[in-house]
Amino acid sequence: MKRTIRELVNLKGKVVLLRVDFNVPLDEGGKILDATRIKNELPTIRYLISKGAKVVILSHLGRPDGYDVRKSLWPISIYLSRVLPCSVSFSSTVLGEETRERIKMLKDGNVLLLENVRFYKQEEECDMKFAREIASMGDIFVNDAFGTAHRKHATTYGLGRLMPNAIGFLMEKELNNLNKILEEPKRPFVVVLGGAKVETKIKILERFVEKADTILIGGAMAYTFLKALGRDVGLSKVQDDYLEVAQNILEKAKELGKKILLPIDHVCLKGRDPHPVEVTTLKGDLVGYDIGSRTIRYFARELDKAGEIFWNGPLGMYENANFRIGTRSIAEIIAESKAHKSAGGGDTIAMINLFNLGKKFDYLSTGGGATLEYLEEGSLPAIEVIQEKIY
Ligand code: 3PG
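To keep things clear, this report deals only with the structure shown in the data block. Because the structure is predicted, anything quoted here is derived from the model rather than measured.

1. Some thoughts on the sheet that holds strand β10 (residues 266-270)
A sheet is described by the order of its strands in space; here three strands give the open sequence β11-β10-β12, paired in antiparallel fashion. Sheet topology places β11 (277-279) and β12 (286-291) at the edges, where each strand pairs with a single neighbour. Shown here is a sheet whose adjacent strand axes are inclined to one another by a mean of 45°, direction ignored. Both β10 and β12 contribute to a ladder of five bridges, which runs antiparallel. By the bridge assignment for β12, valine 267 is matched with aspartate 290.

2. Notes on the pattern of salt bridges
In the structure shown here, the tally under the stated rule is 19 salt bridges. Close ionic contact of aspartate 21 with arginine 37 constitutes a salt bridge, the shortest N to O distance being 3.3 Å. Here aspartate 21, found in the loop between β1 (15-19) and α1 (36-50), pairs with arginine 37, found in helix α1; they are 16 residues apart in sequence, far enough to count as distant. We classify arginine 37 as partly exposed; its relative accessible area is 22%. Here glutamate 302 and lysine 259 are joined by a salt bridge, their closest N and O atoms 3.0 Å apart. Taken together, the residues glutamate 302 in helix α11 (residues 293-305) and lysine 259 in strand β9 (residues 259-261) connect sequence positions 43 residues apart. Lysine 259 sits in the partly exposed class, given a relative accessible area of 37%. Among the ionic contacts, a cluster of salt bridges with common partners joins Lys12, Lys54 and Asp108.

3. Comments concerning the packing of α11 against helix α12 (residues 325-336)
Two elements in contact, α11 and α12, have axes separated by 10 Å at closest approach and are oriented at 20°. As far as their axial angle goes, α12 and α11 are roughly parallel. Crossing handedness for the pair α11 and α12: right-handed. Only Ile325, Gly326, Ser329, Ile330, Ile333 and Ile334 of α12 make contact with α11, whose side of the interface consists of Ile296, Phe299, Ala300, Leu303 and Asp304. Considering only residue class, the contact of α11 with α12 consists of eight nonpolar, two polar and one charged.

4. Brief notes about the site of the ligand
Asp21, Asn23, Arg37, His60, Arg63, Arg118, Gly147 and Arg151 make up every residue found near the ligand. Between the ligand and arginine 63, the relevant distance is 2.7 Å, taken from an oxygen atom to a side-chain nitrogen or oxygen of the residue. Interatomic distance of 2.8 Å between a side-chain N/O atom of arginine 118 and an oxygen atom of the ligand. When the free accessible area of the ligand is taken as 310 Å², the share hidden by the protein chains comes to 86%. Of the residues contributing to the shell around the ligand, the split by class is no nonpolar, three polar and five charged.

5. Let's talk about the sheet that holds strand β13 (residues 308-312)
Spatial ordering of the open sheet is given by β9-β8-β7-β13-β14-β15, a layout of six strands whose pairing is parallel. Either end of the sheet is taken by a strand with one partner, and the two such strands are β9 and β15 (363-364). As defined by bridge partners, strand β14 (residues 340-343) adjoins β15 across two bridges and the pair is classed as parallel. Within β15, the position partnered with alanine 343 by the bridge is leucine 364. Against the sheet, α12 touches β7 (189-193), β13 and β14, its axis set at about 150° to β13.

6. Details of the pairing of β10
Within β10, four of the five residues are buried, leaving the element largely enclosed by the surrounding structure. Bridge count for β10 against β11 is three bridges, and the pairing is antiparallel. Bridged to cysteine 268 within β11 is valine 277. Turn length for the β10-β11 hairpin, with the two strands adjacent in sequence and antiparallel, is six residues, and the turn residue glycine 271 shows positive phi of about 50°.

7. What to know about the side chain of lysine 2
Note that lysine 2 resides in the segment before β1. Within polar-contact distance, the side chain of lysine 2 engages the backbone oxygen of glutamate 384 at 3.5 Å. At a separation of 2.9 Å, a polar atom in the side chain of lysine 2 contacts the main-chain carbonyl oxygen of isoleucine 386. Setting aside chain neighbours within four positions, we find lysine 2 in contact with Ile167, Ile383, Glu384, Ile386, Gln387, Glu388 and Lys389.

8. Considering the packing of α1 against helix α2 (residues 74-83)
Packing of α1 against α2 leaves a shortest axis separation of 12 Å and a crossing angle of 55°. Accordingly, the angle class assigned to the pair α1 and α2 is oblique. Viewed along their axes, α1 and α2 form a crossing whose handedness is right-handed. For the pair α1 and α2, the contacting residues are Ile38, Lys39, Leu42, Ile45 and Arg46 in the first and Ile76, Tyr79, Leu80 and Val83 in the second. The residue makeup of the contact of α1 with α2, split by class, is seven nonpolar, no polar and two charged.

Conventions and cut-offs
Residues numbered from 1 in each chain as written. Predicted model: local features only at pLDDT ≥ 70, side-chain atom pairs only at ≥ 80, totals over all residues. Heavy atoms only, no water. Pairing = 2+ DSSP bridges. Helix = DSSP H or I, 4+ residues; strand = E, 2+ residues; numbered from the N terminus. Axes fitted to C-alpha atoms, helices over the stretch in contact; angles between N-to-C directions. Salt bridge = Lys/Arg side-chain N within 4 Å of Asp/Glu carboxyl O. Buried < 20%, exposed > 50% of the residue type's maximum accessible area, 1.4 Å probe, protein only. Parallel < 35°, antiparallel > 145°, perpendicular 65-115°, else oblique. Left-handed = near helix turned anticlockwise from the far one by under 90°. Contact = heavy atoms within 4.5 Å. Nonpolar A, V, L, I, M, F, W, Y, C, P; charged D, E, K, R; others polar. Near = heavy atom within 4 Å. Polar contact = N/O pair within 3.5 Å; in protein donor to acceptor, adjacent residues only side chain to side chain. Areas by Shrake-Rupley, 256 points an atom, 1.4 Å probe, with all protein chains shown as cover.

The structure is reproduced here in structure tokens:
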């Protein structure tokens, strides 16, 4: 297990460089549309200020190409100053005189938020000179940016290599939860996987074929699997390059005695007709966009028996209300299940929030790509460089 902030002693007066993931959606006027990621970070910040540390927060926001006022962290400093019991200041740069001066002026137990680290191209290049300059401004590095831990960037991986370090409470919680799913899932362990692109789910499928008992596949990628089994899928979206991969995964599941369930009916459109229809066989010019009602019941039977459920990816084109029922129904069935239930992935969490079901899940991972990569690999670059806990 990695060293956590609980093991750090004598924090009073120390400059803690805290890397977080405040990559939250903002509207054109800088209004925070979903503050979940910031709220999840508050326990770590509160702990560090309660110990008298000078907390200097670093984060990225979006994928800007140089300075972009719409990606400024300034609105987040306003939010923090409203919810934290200390003074919160903001520096419009990461490096330079302004930041050094503000750190010098920072009192014990107060917070300074620095501007978006991705305004500097050196961040994503993992430029170690840039990382060294940032490291020289602090005493200790705390990485709590789980959502960005799969990125080998200057303020994630680079600072971890250069400074005495630890993980924060959010990172600790994410690792504990994901490790539990990987190492000691309750049985039967049912995984629900959706989404459009097979290539983004191959590794996780390979991993879960070994770890899970049953995998339920929906979303556009289900058509590639159905075609791999020789079924007619009409004009539904199929990734022909991945038919062999799909076949291999289906065969591996069979060898290991694991179940992979695919949709048995579909909500689709016929040609240019805008009205959706439900069919059991996709043929001719039919295009499938959602799972049908028989599939919902078929999947529900497995979910009702589950001891553990992990969900990632929409089961249909849920952005369109005509094709949302499958995803919504499965979300509700999981939410009502007695199993230990968790979900991960940016779109999946957005859907669960759209359906107002967040509170019914035991655990919602704050990561998108990071969660999937951790489940695939069992580790992430920015976590590997953190010191191990000494017992
Ligand atoms: C996320 O939202 O998944 C993280 O903040 C990482 O963002 P990135 O994909 O732009 O690196």
